Amino acid sequence: MTHFNSYQNEIYLQGLADAVPAFTTDATLLEDAARVAMEPGPFGYVAGGAGSGATVRANREAFDRWRIVPRMLTDATTRDLSCTVLGTPMPAPVLLAPVGVQSILHADGELATARAAAALDLTMVLSTASSNTIEDVAAANGSGSRWYQLYWPNDNDVTISLLNRAKAAGFTVLVVTLDTWTLAWRPRDLDQSYLPFIRGIGTAIPFSDPAFLAGLEKTPEQDPQSAILRWIPMFTGTDKRWDQLPFLREHWDGPIVLKGIQSVADAARAVAAGMDGIVVSNHGGRQVDGAVGALDVLPEIVAVVGEQLTVLFDSGVRTGADVVKALALGARAVLLGRVYAYGLALGGEAGVRHALRTVLADLDSTVALSGHRTLAELSPDLLRRS
Ligand code: FNR
């Protein structure tokens with residue numbers, strides 16, 4: 001049974017000792033709090049989107065166009081939001097999206113995130129652009145469940161090595177991000193000339209990789225610039241093709257999920273390619289300015305491929321109501337991105353835990369008060385186009 005909304009009682013009880021929560025409980029305001037707490041470069045990197053920011057806004061507007069129609073007297077006192085997604089049991093259909101370069105948010109970076117995820121039994125998706133190694137993140141995550149996100153290198157030996165390391169470190173599902181094979185035009189970063197990778201941030205995984213190191217004359221410690229210049233063109237700047245996917249299947253024996261799908265046509269190609277899942281996502285509006293809000297394309301994609309593979313969703317999820325809407329429109333689970341990233345910036349592991357518990361408690365309350373008890377009961381019927 002789900003007890004996420006007990007976080008509410010915990011917070012009100014603190015009030016008896018005149019204490020208030022260390023961070024806001026309105027997940028949509030975490031960004032404002034982070035803006036004050038963070039340096040402009042890192043904050044712009046997290047908050048910013050591609051171009052004019054139209055897609056960042058479209059993601060939120062897409063949620064606003066749906067409203068929940070609550071039902072009464074449904075015996076919703078106890079809920080069970082647990083599920084199993086691609087073989088991973090979860091207490092609720094909520095994962096931590098891959099977010100790279102977390103050391104620009106907090107010194108503990110991905111290690112703090114891995115601990116917070118494990119403490120709540122949530123699944124973390126580790127980015128290839130991590131500031132900590134695959135092995136160190138796995139150790140911090142302990143017995144937690146973890147998936148690995150691949151930025152697909154142009155060098156096959158390095159790709160195979162990354163997949164083998166992830167497998168050996170207990171990552172069970174491979175998430176292949178398709179939409180960021182090169183960086184978008186991101187004015188907020190450009191105006192500050194701020195790109196972490198060029199500074200060697202977010203390179204811990206290649207810099208600890210034997211296949212990558214084999215191509216260097218000196219170690220990254222001895223000659224960071226050469227290592228950076230070898231890595232950047234290896235993981236960015238070259239697009240792949242659908243007919244290359246069998247290579248990943250050959251070297252990864254678990255489920256494979258394609259992240260960044262935004263069209264029915266591509267979702268159908270993922271099915272044809274024998275993929276196990278997709279993440280309907282526009283990378284939080286960070287790649288194609290003017291792209292459609294991710295939630296706007298979710299229903300049509302689910303209608304065509306929802307029975308054939310696992311459809312996950314991210315981009316713009318901030319509140320419990322957002323999670324309910326995405327699930328009702330057919331997502332099997334959602335990934336949170338900026339919400340927990342701001343939590344990390346504000347308070348390290350405790351901040352991530354707070355951000356996640358906030359969304360989970362809000363989700364639990366919204367499911368309950370709209371008259372539902374299980375995920376199976378969430379269908380488009382509970383929504384109205386506003
Ligand atoms: C991301 N995202 C991302 N995705 C990915 O596949 N690999 C990565 O390394 C990163 N890195 C990253 C850094 C930062 C700072 C952000 C904000 C996002 C995208 C992420 O997984 C997810 O798709 C979006 O964050 C979803 O949008 P919202 O809900 O965060 O707005």
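Definitions and limits used
- Residues numbered from 1 in each chain as written.
- Predicted model: local features only at pLDDT ≥ 70, side-chain atom pairs only at ≥ 80, totals over all residues.
- Heavy atoms only, no water.
- Helix = DSSP H or I, 4+ residues; strand = E, 2+ residues; numbered from the N terminus.
- Contact = heavy atoms within 4.5 Å.
- Phe/Tyr/Trp six-rings, centres within 6.5 Å; stacked < 30°, edge-to-face > 60°.
- Buried < 20%, exposed > 50% of the residue type's maximum accessible area, 1.4 Å probe, protein only.
- Lys NZ or Arg CZ within 6 Å of the ring centre and 35° of its normal.
- Axes fitted to C-alpha atoms, helices over the stretch in contact; angles between N-to-C directions.
- Left-handed = near helix turned anticlockwise from the far one by under 90°.
- Parallel < 35°, antiparallel > 145°, perpendicular 65-115°, else oblique.
- Nonpolar A, V, L, I, M, F, W, Y, C, P; charged D, E, K, R; others polar.
- Near = heavy atom within 4 Å.
- Polar contact = N/O pair within 3.5 Å; in protein donor to acceptor, adjacent residues only side chain to side chain.
- Areas by Shrake-Rupley, 256 points an atom, 1.4 Å probe, with all protein chains shown as cover.
- 1 Å grid on protein atoms, 1.4 Å probe; cavity = no way out; pocket = protein on both sides within 12 Å on 5 of 7 lines; lining within 4 Å.
- Points joined across faces, edges and corners; volume = space filled by probe spheres on them.

Asker: What should I look at first to understand the environment of M1 in this one?
Answerer: On the secondary structure map, M1 appears in the segment before α1 (6–15). C-alpha of M1 to C-alpha of L382: the two residues are 381 residues apart in sequence and 22 Å apart in space. Discounting chain neighbours no more than four positions away, the residues touching M1 are T78, R79 and D80.

Asker: Could you clarify how one ought to interpret the packing of aromatic side chains in this entry?
Answerer: Following the criterion strictly, the structure yields nine aromatic pairs and no others. Arranged with centres 6.4 Å apart and planes meeting at 70 degrees, the rings of Y45 and Y194 form a pair that is edge-to-face. Of this pair, Y45 sits in helix α3 (residues 40–47) while Y194 sits in the loop between α8 (187–191) and α9 (204–207), and the two are 149 residues apart along the sequence. For Y45, a relative accessible area of 9% corresponds to the buried category. Here the aromatic residues Y151, F197, F207, F212, W231 and F235 are joined through ring pairs into a cluster of three or more. One Lys or Arg, R146, reaches over the ring of F171 and ends 5.6 Å from the middle of that ring. Its guanidinium or amino end placed over the ring of Y45, R286 lies 5.0 Å from that ring's centre, counting from NZ or CZ.

Asker: Where do I start with the packing of helix α5 (residues 109–119) against helix α16 (residues 338–369) in this structure?
Answerer: When two helices pack together, you describe them by how their axes are tilted relative to each other and by the distance separating the axes. It is the contact of α5 with α16, at a shortest axis distance of 9 Å, that shows an interaxial angle of 65 degrees. For the pair α5 and α16, the crossing hand works out as left-handed. Between α5 and α16, the residues in contact are G109, A112, T113, R115, A116 and A119 and Y340, L344, G348, E349, V352 and R353, respectively.

Asker: I would appreciate a short explanation of the packing of helix α2 (residues 30–37) against α16 in the present structure.
Answerer: Put simply, α2 and α16 touch, their axes get as near as 8 Å, and they point 90 degrees apart. It follows from the interaxial angle that α2 and α16 lie roughly perpendicular. Counted together, L30, E31, A33, A34 and A37 of α2 and V339, Y342, L346 and A355 of α16 form the full contact between these two elements. Partitioning the contact of α2 with α16 into residue classes produces eight nonpolar, no polar and one charged.

Asker: Hey, could you run me through the site of the ligand in this one?
Answerer: By nearness alone, 22 residues border the ligand, and P98, S127, T177, R318 and R338 come closest of all. One nitrogen or oxygen atom from the side chain of R338 is found 2.6 Å from an oxygen atom belonging to the ligand. When the free accessible area of the ligand is taken as 610 Å², the share hidden by the protein chains comes to 98%. Each residue belonging to the shell around the ligand can be placed in one class, and the counts come to seven nonpolar, 10 polar and five charged.

Asker: Help me understand the layout of surface pockets, please; the structure alone is not making it clear to me.
Answerer: Any space left empty among the atoms is revealed by the rolling of a water-sized probe across them. Roughly 650 Å³ of volume is contained in the largest pocket. Lining the largest pocket we find 37 residues, and of these P98, G100, Y151, H283 and R286 sit closest to its centre. For the lining of the largest pocket, the secondary structure elements donating two or more residues are α3, α11 (224–235), β11 (333–336) and α16. For the lining of the largest pocket, the class distribution of residues is 19 nonpolar, 12 polar and six charged. The calculated volume of the second largest pocket comes to roughly 460 Å³. In this structure, the second largest pocket is lined by 24 residues; those nearest its centre are L178, D179, W181, D239 and K240. Here the element with the most residues in the lining of the second largest pocket is strand β8 (residues 256–261); it accounts for three residues. Class assignment of the residues belonging to the lining of the second largest pocket gives a composition of 10 nonpolar, nine polar and five charged.

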